[in-house]
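# Residue-level structural notes
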Amino acid sequence: MNTSPGNTKPGNTTAGWMATRERVKQFVEQRVYPLEQELDSANRTQRNLLMAGLMDAAKEEGLWALGHPKEVGGQGMPFLDYVHVNEVIGRSFYAMQALGTLSLQDSLMLMRYASPRWRDQYLAPLVAGETIPSFAMTEPAVASSDPTQIETSGKLQDGHWIISGRKWFITGAGDADYTTVMCRTETDAPKHESFSLIIVPTNTSGFRIVRETPVLGIHGGHWEIELNQVRVPEDNLLGQRGKGFRIAQERLGPGRIFHCMRWLGQAQRAFDLMCRRLNERHAFGEPLSYKQLMQSHVFESAAEIQACRQLTLAAAHKLDAGEEAREEIGLIKVVGARMLHNVVDRAIQVHGAMGLTADTPLDRMYRHAREARIYDGPDEVHIQSVAKRYLRLYKEGGPGIDFGEVQFVTK
Ligand SMILES: Cc1cc2nc3c(=O)[nH]c(=O)nc-3n(C[C@H](O)[C@H](O)[C@H](O)COP(=O)(O)OP(=O)(O)OC[C@H]3O[C@@H](n4cnc5c(N)ncnc54)[C@H](O)[C@@H]3O)c2cc1C
């Protein structure tokens with residue numbers, strides 16, 4: 001199975017990704033960076049207005065929806081090329097939305113699994129950035145690290161799904177036009193075949209925003225929602241009944257590679273800030289950069305960034321070659337989130353008290369870095385599942401794994 005997004009074929013790259021990466025980098029640095037502080041403090045209306053300006057600019061410059069397949073209105077950049085572009089998109093928290101990347105995973109999910117009615121209705125406006133999606137899996141009542149415990153139910157009655165349950169930390173739900181709800185639809189199937197994904201437009205009767213769930217003081221990102229006997233047509237189901245986990249997994253694989261590349265972009269920005277500050281600032285008669293304790297921050301950060309980059313590109317190449325890359329993706333989710341957290345933490349330390357204020361982007365980056373160790377599955381879940389997969393290879397005299405035999409080439 002080729003899980004790579006869009007119209008990519010295994011091994012398909014263009015020679016031109018470096019030029020596109022550079023153009024995107026310029027856009028992020030010159031257009032998005034200057035608006036970040038205003039966007040941070042803006043109310044929802046002001047933020048939407050500022051964002052609309054950035055989105056128009058990205059469209060005018062031919063940088064919009066670079067990774068979306070051409071058949072749905074994107075630019076069809078091959079997966080491996082787009083992996084590199086994501087790194088520079090990641091440098092600013094706002095760039096994903098500004099460049100139309102935000103809807104990529106939802107667009108692919110609709111393209112592959114939605115009924116023709118929903119494809120016609122949602123896909124084009126989704127790619128254009130006019131329709132906002134959200135994805136609802138996590139629930140307050142159960143430890144959602146183990147999603148087989150999810151309690152939200154979906155029952156088919158007279159050609160309609162009746163959905164009831166409560167979800168929280170649903171990113172974008174407060175602004176979303178629809179949410180894709182993971183719910184239990186099967187009662188007598190194996191655990192991993194018991195859940196389905198169903199589209200719920202947010203204006204459906206019974207859908208309610210309960211409250212916002214600000215994360216580490218950041219507002220406007222995530223919400224708790226209630227689904228009270230929400231009734232939607234049978235063809236709102238994505239794919240087949242009971243295949244919710246499989247479809248979600250397909251969404252998460254490439255999604256985690258893009259996440260990790262964006263974390264590398266954030267880490268690069270923190271690294272730049274750290275090194276500049278060390279060269280500029282003086283203490284005890286010499287630049288901070290002369291102090292070995294400070295040099296170790298530079299060394300550790302460079303080492304972690306580069307190790308994480310190689311691991312992430314290896315996972316991307318394996319995925320692009322049509323493999324699931326489950327171990328590699330589990331590894332990068334944990335290593336990438338730790339790397340980001342460590343690098344931003346060191347950059348803050350180097351800046352002293354100023355690093356904790358909004359005078360640099362580091363305070364916001366730090367909060368996002370902390371989140372990265374929990375969303376899309378907390379570290380422990382990935383550690384456990386990767387370790388179990390490797391241990392299985394050694395069971396009952398099995399051959400184990402020779403890491404040196406796993407070849408990949410980075411371009
Ligand atoms: C910023 C952010 C955005 C999010 N966006 C979304 C979204 O859009 N849609 C959505 O559905 N969800 C979203 N989430 C929710 C996120 O995916 C869940 O919080 C995450 O999967 C963990 O589930 P939980 O919070 O129920 O933690 P729990 O399952 O209650 O786990 C609590 C802790 O227990 C420990 N733990 C869990 N399992 C194990 C194990 N096997 N071994 C050892 N220790 C373990 C871990 O330390 C874990 O952090 C978001 C979360 C954040 C922070």
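Here the structure is shown first, and the text comes after it.
Before going into details, it helps to say that this report is about the structure given with it. (Residues numbered from 1 in each chain as written. Predicted model: local features only at pLDDT ≥ 70, side-chain atom pairs only at ≥ 80, totals over all residues. Heavy atoms only, no water.)

### Concerning the packing of aromatic side chains
Quick reminder of the rule: Aromatic pairs are defined between Phe, Tyr and Trp rings, using the six-membered ring for Trp, whenever the two ring centres lie within 6.5 Å; interplanar angles under 30 degrees are classed as stacked, those over 60 as edge-to-face, and all others as tilted. Labels follow the DSSP assignment, with helices taken as runs of H or I lasting at least four residues and strands as runs of E lasting at least two, numbered in each case from the N terminus. Throughout this description, buried means an accessible area under 20% of the type-specific maximum (1.4 Å probe, protein chains only), exposed means over 50%, and partly exposed covers the range between.
Following the criterion strictly, the structure yields nine aromatic pairs and no others. Relative to Tyr122, the ring of Trp118 has its centre 4.7 Å away and its plane inclined at 25 degrees; by these criteria the two rings are stacked. Highlighted residues: Trp118 and Tyr122, both in helix 7 (residues 116-127), separated by four residues, approximately one helical turn. As far as the burial class goes, Trp118 and Tyr122 line up, both buried. Judged by centre distance (4.5 Å) and plane angle (15 degrees), the ring pair of Tyr122 and Tyr178 falls under stacked. Of this pair, Tyr122 sits in helix 7 while Tyr178 sits in strand 4 (residues 178-184), and the two are 56 residues apart along the sequence. For Tyr122, a relative accessible area of 6% puts it in the buried group. Grouping aromatic residues by their ring pairs yields a cluster made of Phe79, Tyr82 and Phe258.

### What about the site of the ligand?
We count it as follows: In these notes, residues near a molecule or strand are those with any non-hydrogen atom within 4 Å of it. Contacts described as polar in this section are N or O atom pairs within 3.5 Å, which, within protein, must combine one atom able to donate a hydrogen with one able to accept it, while residues neighboring in sequence count only if both atoms come from side chains. Computed with the Shrake-Rupley method and a 1.4 Å probe, the accessible areas treat only the protein chains shown as cover for residues.
Taken together, 21 residues lie near the ligand, and Phe135, Met137, Thr138, Ser145 and Phe169 sit nearest. The separation between an oxygen atom of the ligand and a polar side-chain atom of Ser145 is 2.6 Å. In this structure, Gln384 approaches the ligand through a side-chain N or O atom, which is 2.9 Å from a nitrogen atom. Protein coverage of the free-state accessible area of the ligand, which is 980 Å², stands at 68%.

### Re unusual backbone geometry
The backbone phi angle of Phe284 is positive, close to 55 degrees, even though this residue is not glycine. Structurally, Phe284 can be placed in the loop between strand 9 (282-283) and strand 10 (286-287). Residue classification places Phe284 among the exposed positions, given a relative accessible area of 82%.

### Considering the nonpolar core
Soluble globular proteins tend to bury their nonpolar side chains together. Threshold: In this text, buried Ala, Val, Leu, Ile, Met, Phe, Trp, Tyr and Cys residues form a nonpolar core when linked through side-chain atoms within 4.5 Å.
If you look at the biggest cluster of nonpolar residues, it comprises 86 residues, and the most contacted ones within it are Val24, Leu99, Leu110, Ile257 and Met339. In terms of residue count, the dominant contributor to this core is helix 8 (residues 244-280) (14 residues). In this structure, Ile163, Ala173, Cys183 and Leu227 belong to the second largest nonpolar core, which totals 16 residues.

### Side note on the environment of Val83
Stated formally: Throughout, a contact is declared for two residues whenever any of their heavy atoms are within 4.5 Å.
With respect to the helices and strands, Val83 occurs in helix 4 (residues 79-89). Taking relative accessible area as the criterion, Val83 reaches 1% and is therefore assigned buried. C-alpha separation for the pair Val83 and Arg370, spaced 287 residues apart in sequence, amounts to 23 Å. With near-sequence residues (within four places) excluded, Val83 lies in contact with Ile257, Phe258, Met261, Leu313 and Ala316.

### Details of the pattern of salt bridges
The condition that has to hold: Salt bridges are defined as contacts in which a side-chain nitrogen from Lys or Arg sits within 4 Å of a carboxyl oxygen from Asp or Glu.
With the rule as written, the count across this model stands at 27 salt bridges. One salt bridge connects Glu226 with Arg166, and the closest N-O pair in it is separated by 3.3 Å. Of this pair, Glu226 sits in strand 7 (residues 222-233) while Arg166 sits in strand 3 (residues 160-171), and the two are 60 residues apart along the sequence. Classification of Arg166 by relative accessible area gives partly exposed; the value is 32%. Measuring nitrogen to oxygen at the nearest pair gives 3.8 Å for the salt bridge that ties Arg256 to Asp376. Taken together, the residues span a long stretch of sequence, with Arg256 in helix 8 and Asp376 in the loop between helix 11 (362-372) and helix 12 (379-394) at a distance of 120 residues. The class of Asp376 is partly exposed, set by a relative accessible area of 25%.

### Section: the environment of Val406
Inspection of the secondary structure assignment puts Val406 in the segment after helix 12. On the basis of relative accessible area, Val406 is assigned to the partly exposed category, the value being 40%. For the pair Val406 and Gly265, spaced 141 residues apart in sequence, the C-alpha to C-alpha distance is 26 Å.

### Here we look at the packing of helix 4 against helix 8
Here is the rule we go by: Angles shown run from 0 to 180 degrees and are taken between the N-to-C directions of axes, each axis being a line fitted to C-alpha atoms and, for helices, limited to the stretch in contact. Here roughly perpendicular refers to angles of 65 to 115 degrees, roughly parallel to angles under 35, roughly antiparallel to angles over 145, and oblique to all remaining angles. Should the near helix be turned anticlockwise from the far one by less than a right angle, the crossing is left-handed, and should it be turned clockwise, the crossing is right-handed. Residues are grouped as follows: Ala, Val, Leu, Ile, Met, Phe, Trp, Tyr, Cys and Pro are nonpolar; Asp, Glu, Lys and Arg are charged; every other residue, Gly included, is polar.
The interhelical angle for the contact between helix 4 and helix 8, taken along N-to-C directions, is 40 degrees, at an axis separation of 6 Å. When the axes of helix 4 and helix 8 are compared, the pair comes out oblique. Between helix 4 and helix 8 the crossing geometry is right-handed. For the pair helix 4 and helix 8, the contacting residues are Phe79, Tyr82, Val83, His84, Asn86, Glu87 and Ile89 in the first and Pro254, Ile257, Phe258, Met261, Arg262, Leu264 and Gly265 in the second. Counted by class, the contact of helix 4 with helix 8 contains nine nonpolar, three polar and two charged residues.

### Considerations on the environment of Ser92
With respect to the helices, strands and loops of the structure, Ser92 is situated in the loop between helix 4 and helix 5 (95-98). Assessed through its relative accessible area of 2%, Ser92 is described here as buried. When the C-alpha atoms of Ser92 and Pro361 are compared, they prove to be 8.9 Å apart, with 269 residues separating the residues in sequence. Beyond its immediate sequence surroundings of up to four residues, Ser92 is in contact with Val28, Val32, Tyr33, Glu36, Gln266 and Arg269.

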